[in-house]
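Summary of structural features
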Amino acid sequence: MSRKLAMWISVLVALVLLLSTGIYFAQSRAVIEREIGRRATELLEADRKTVADFLYHMQSVTFGLFHNPYLTMYLDSGEGKDEIENLFMNYCANIPEIQALRVVDSDGVIRIFIRECVNLTGEEGYEPIDISDKEFMQPAFELEEESIIFSNFERGHLPDATSFCPSMLRAVIPFMENGEKRGFLVVNFWGERIGAVIDKMRKEEGFSFIAEMNRKEPMRHGIFLFHRDKTYEFANQMEHNKRVISVYGEDVMHAFENNRNGLMKINNGKDYLAFTTISPYNDVRRQWKIAAVLNGDFIFRSLSGLKYNFIIVMAVSLFMSVITAFIFSARFLKPIGDIKYSLQQYGEGNLDHELEGDFTDELNDMADSIREMASSLKHHIEGMKESRRKMEIVDRLSSLSVLSAGISHELATPLNSILVACTLMEKEYGKSEELTAVRAQAERCVDILSAMKRLMTDSSAQDKTNVNLRETIENIMRFLEVDAKISLKAELNDVYITANETLISQVVLNILINAVDAVYPEGEVNIKLFCIDSSAVLEVSDTGRGMDEKEMENIFDPFFTTKSPDKGTGLGLSIVHRIVTEHGGRISVESEKERGTTIRVEFDESSSC
Ligand SMILES: Nc1ncnc2c1ncn2[C@@H]1O[C@H](COP(=O)(O)OP(=O)(O)OP(=O)(O)O)[C@@H](O)[C@H]1O
Ligand SMILES: [Mg+2]
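Residues numbered from 1 in each chain as written. Chains lettered and ligands numbered in written order. Predicted model: local features only at pLDDT ≥ 70, side-chain atom pairs only at ≥ 80, totals over all residues. Heavy atoms only, no water.

1. So, the overall build of the protein
For the protein, the count of helices and strands is 16 helices and 19 strands. For 609 residues, the compact-globule formula gives about 25 Å, and the C-alpha radius of gyration of the protein, at 66 Å, lies well above that figure. Dimensions of the protein along its principal axes, counting C-alpha atoms only, are 205 × 40 × 40 Å. In the form shown here, the protein has an accessible surface area of approximately 33900 Å², with 54% of it arising from carbon and sulfur atoms. Between the mean site of the 67 positive side-chain charges and the mean site of the 94 negative ones, the protein shows a separation of 1 Å. (Helix = DSSP H or I, 4+ residues; strand = E, 2+ residues; numbered from the N terminus. Rg over C-alpha atoms; globule rule 2.2 N^0.38 Å. Areas by Shrake-Rupley, 256 points an atom, 1.4 Å probe, with all protein chains shown as cover. Lys, Arg positive; Asp, Glu negative; His and termini not counted. Charge placed at Lys NZ, Arg CZ, Asp CG, Glu CD.)

Okay, structure coming up:
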């Protein structure tokens, strides 16, 4: 029972905890997701601005150089080369984003070339390089006016090297004269720098990347221009398959193709990807997507920490609830167990069993009620036992009455004959010891017979009058022979009952003789007569020999006596019992061995009470 209760309490606690934790988690997750959206927008806005600034910076630098008069002069007359080289060296030294600076003639041949702050055209043995076939030069040749164009963002490829160098972006402006191109200014910028400025996130927080969406050149569509993992970059040049669609999936690719901004879950909902768009070429078909990948584990780390804390709290709470449930149930169920055990005992008839235990509140009230119930049940059963015993006595007495009538009738004649014969023989031969003994025994038999006759007498049939009990008792006391050492005291009120006076006298006499016999040779006999409610009560107490339980059970039985045959017949109290019962009264006895006895007779509805 206690285990079951403990289990139910634990399950309840677990459910409550799970529910509250679930709600808490759902709410926290929603808050964090909102926070992610905010953080992503913030990050991307900063990234977008950084890239835009970078492009603007490239434009400014390129235009700044373009407007230098030495350049036009050089293209016009071939003069001012030194000044331009100095200018280029200065730019290269002070603007770290610049990789190379070139002045290219109208045929696409490099005339001045500073690369990574080295003046290649100034070196001995420099052979002019024709770059007219370079991809980034093609659009420049087609320009109609002096405007800046940016090349594709890609890895550089030095003519003297077989491998690719870091990524770069080229700005090209043609010098025009009368609609003709006189030459070009080509400035290479380190593309790597763009990526470096946007990728400012901490490693565990996530990273940013730039991808190109290019509907003009399918080979460049979906390539990575910058990525923390360098092996992902420039799939077109490096000939691998690391493109947006293969790395981040169709959904991301689709979102990149159709939206300017967005926030979505990737990697099975673990991480978040936010993106925005920038158009460096002023051409909607060629766009850059700046994206930030936010690490879900990092973002939800506080929630994960919380989750572990909750698991610990839940485990501790469960453990505590089980313990509490056990303690509680032990405290609560032990008293119930005690009550149950006691009820079983009472049910089996053991009404002497004591319901003991430490009860509180309602249980205490319940225990008290059960105790009361058991005690009144015991009382009731004892009453029933007593009634049954009395019934048995009455039954025995009535059978005896029938028997007595027959015996009395049969024995009266021979006994009278014996007595007459004794009288005649005494007259004839004089008194002798033997004759006296025969007469005494015969007279005793006659006494027994007359007592038996009285036993069978139906008192209800006798005349009843209003009897003054006090007077009846006083008359009997007057004639009672009592030894000097026996004190007979009486406290008598005037109490009247409707009864047969002769029979009531027999009751009083029998009880008094018994009391006097019991105190012999010395002691006290107290007689009390009083009213309780409407009942008359006669109480005869003595300080005599008293009786044990066994004796008390038998005293109303006919012929039960503890006296010697010459002193008692054992019929006294059985006659008393019969008379009292027939007068509608009750008789009870209380006694303690060697301490004394109280016989109490009650008659209902006394006219004086
Ligand atoms: N007051 C008493 N104190 C002690 N024992 C008593 C008392 N009254 C009665 N008894 C016991 O009850 C027995 C039965 O009493 P009961 O009056 O019926 O018969 P008895 O006195 O022995 O003989 P009988 O009355 O016929 O002369 C007595 O023998 C005695 O043992
Ligand atoms: Mg007697």
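2. Examining the pattern of salt bridges
Taken as a whole and assessed by the stated rule, the structure comprises 28 salt bridges. The residue Arg182 makes a salt bridge to Asp76 at a minimum N-O spacing of 2.2 Å. Pair noted here: Arg182 is in strand β7 (residues 180-190) and Asp76 is in helix α2 (residues 69-77), with a separation of 106 residues, a long-range link. Between Arg439 and Glu443 there is a salt bridge; the shortest N-O distance is 3.8 Å. (Salt bridge = Lys/Arg side-chain N within 4 Å of Asp/Glu carboxyl O.)

3. Points about the sheet that holds strand β18 (residues 586-592)
Two pairing modes exist for strands in a sheet, parallel and antiparallel, and in both the strands are linked by backbone hydrogen bonds. Spatially, β14-β16-β17-β19-β18 is the arrangement adopted by the five strands of the open sheet, whose pairing is mixed. Here the strands that pair on one side only, and so sit at the sheet edges, are β14 (486-492) and β18. The average undirected angle you get between the axes of adjacent strands in this sheet is 10°. In the packing of helix α16 (residues 572-582) onto the sheet, the strands contacted are β18 and β19 (596-603), and the crossing angle to β18 comes to about 140°. (Pairing = 2+ DSSP bridges. Axes fitted to C-alpha atoms, helices over the stretch in contact; angles between N-to-C directions. Contact = heavy atoms within 4.5 Å.)

4. Some points on the nonpolar core
With 52 residues, the main nonpolar core has Val51, Phe88, Leu169, Ile210 and Trp288 as its most contacted residues. Contact partners of Ile210, with chain neighbours within four places excluded, come to Val51, Ile194, Ile198, Ile223, Phe224, Leu225, Phe226, Trp288, Lys289 and Ile290. Ile476, Val495, Met552 and Leu573 belong to the second largest nonpolar core, which has 40 residues in total. (Core = buried A, V, L, I, M, F, W, Y, C linked by side-chain atoms within 4.5 Å. Buried < 20%, exposed > 50% of the residue type's maximum accessible area, 1.4 Å probe, protein only.)

5. A closer look at the side chain of Asp542
In this fold, Asp542 is placed in strand β17 (residues 535-542). No salt bridge is formed by the buried Asp542; the nearest opposite charge belongs to Arg545, separated by 8.2 Å. Of the polar contacts made by the side chain of Asp542, one reaches the backbone nitrogen of Gly544; its length is 2.8 Å. (Polar contact = N/O pair within 3.5 Å; in protein donor to acceptor, adjacent residues only side chain to side chain.)

6. Looking at the layout of surface pockets
Considering only enclosed or pocket space, the largest pocket measures out at about 980 Å³ in volume. Along the walls of the largest pocket sit 39 residues, with Asn514, Asp517, Lys563, Gly568 and Gly572 positioned nearest its centre. The set of elements that each furnish at least two residues to the lining of the largest pocket consists of α12 (433-456), α14 (501-519), β17, α16 and β19. Considering every element that reaches the lining of the largest pocket, the biggest residue donor is α14, with nine residues. Here the residues of the lining of the largest pocket are counted per class, giving 15 nonpolar, 14 polar and 10 charged. Residues from two domains meet in the lining of the largest pocket; each of domain 2 (367-456) and domain 3 (458-608) gives at least three. (1 Å grid on protein atoms, 1.4 Å probe; cavity = no way out; pocket = protein on both sides within 12 Å on 5 of 7 lines; lining within 4 Å. Points joined across faces, edges and corners; volume = space filled by probe spheres on them. Nonpolar A, V, L, I, M, F, W, Y, C, P; charged D, E, K, R; others polar. Domains from an automatic or database assignment.)

7. Comments concerning the site of ligand 1
The local shell around ligand 1 holds 20 residues, among which Thr561, Thr562, Lys563, Thr569 and Leu573 are the closest. In the environment of ligand 1, an oxygen atom lies 3.2 Å from a nitrogen or oxygen atom belonging to the backbone of Leu571. Taking Gly572, its main chain carries an N or O atom lying 3.3 Å from an oxygen atom of ligand 1. For ligand 1, the protein covers 93% of the area, taking 580 Å² as the surface of the free molecule. The site holding ligand 1 turns out to be the largest pocket. Counting residues per element, the ones that place at least two in the shell around ligand 1 are α14 and α16. With three residues, α14 is the single largest residue contributor to the shell around ligand 1. Tallied by class, the residues present in the shell around ligand 1 amount to seven nonpolar, eight polar and five charged. (Near = heavy atom within 4 Å. Sits in = over half its atoms within 2 Å of the grid points.)

8. Here's the deal with the domain arrangement of the protein
Taken as a whole, the protein is organised into domain 1 (68-193), domain 2 (367-456) and domain 3 (458-608). Averaged C-alpha coordinates put domain 1 and domain 3 at centres separated by 150 Å.

9. Some details on helix α3 (residues 81-94)
Taking 1.5 Å of rise per residue, 14 residues should cover 20 Å, and α3 covers 20 Å from first to last C-alpha, within 8% of that figure. Three or more residues of α3 are buried, namely Ile84, Glu85, Phe88 and Cys92. Here the buried residues of α3 occupy an arc of 100° about the axis, which is enough to place them on one side. Exposed side of α3, more than 90 degrees from the buried face: Asp82, Asn86, Ala93 and Asn94 are the residues found there. (Expected span 1.5 Å × (residues − 1). Arc of directions from axis to C-beta.)

10. Things to note about unusual backbone geometry
A cis geometry characterises the amide bond from Tyr520 onward to Pro521, with omega recorded as 10°. Within the secondary structure, Pro521 sits in the loop between α14 and β16 (523-532). Positive phi values are uncommon outside glycine, yet Asn282 reaches one of about 50°. Among the structural elements, Asn282 can be located in the loop between β11 (271-278) and β12 (286-294). Of note in the backbone geometry, Asp533 takes a positive phi value of approximately 55° without being a glycine. Examined against the element boundaries, Asp533 turns out to sit in the loop between β16 and β17.

11. Here we look at the state of the cysteines
Per the stated rule, a full pass over the model turns up two disulfides. In this model Cys92 forms its disulfide with Cys117; the gap between the sulfur atoms is 2.3 Å. The disulfide joining Cys92 to Cys117 has a torsion of about -105° about its S-S bond and is therefore left-handed. Pair noted here: Cys92 is in helix α3 and Cys117 is in the loop between β2 (110-115) and β3 (118-119), with a separation of 25 residues, a long-range link. Residue class for Cys92 comes out buried when judged on its relative accessible area of 5%. What pairs with Cys531 in a disulfide is Cys609, and their sulfur atoms sit 1.8 Å apart. Here the S-S torsion is close to -70°, and the disulfide linking Cys531 with Cys609 is therefore left-handed. Of this pair, Cys531 sits in strand β16 while Cys609 sits in the segment after β19; the two residues are 78 residues apart in sequence, bridging distant segments of the chain. Since its relative accessible area comes to 32%, Cys531 is described here as partly exposed. Cysteine pairing in the protein follows 1-2, 3-4, where each cysteine in a disulfide is numbered by its order in the sequence. (Disulfide = S-S within 2.5 Å.)

12. Remarks on the packing of helix α13 (residues 469-479) against α14
Running from N to C, α13 and α14 cross one another at 55°; their axes reach a closest spacing of 10 Å. On the basis of the axis angle, α13 is oblique to α14. Considering the relative orientation of α13 and α14, their crossing is right-handed. Residue-level inspection shows Leu469, Thr472, Ile473, Ile476 and Met477 of α13 in contact with α14, the latter providing Glu501, Ile504, Ser505, Val508, Leu509 and Leu512. Looking at the contact of α13 with α14 residue by residue, the classes come out as eight nonpolar, two polar and one charged. (Parallel < 35°, antiparallel > 145°, perpendicular 65-115°, else oblique. Left-handed = near helix turned anticlockwise from the far one by under 90°.)

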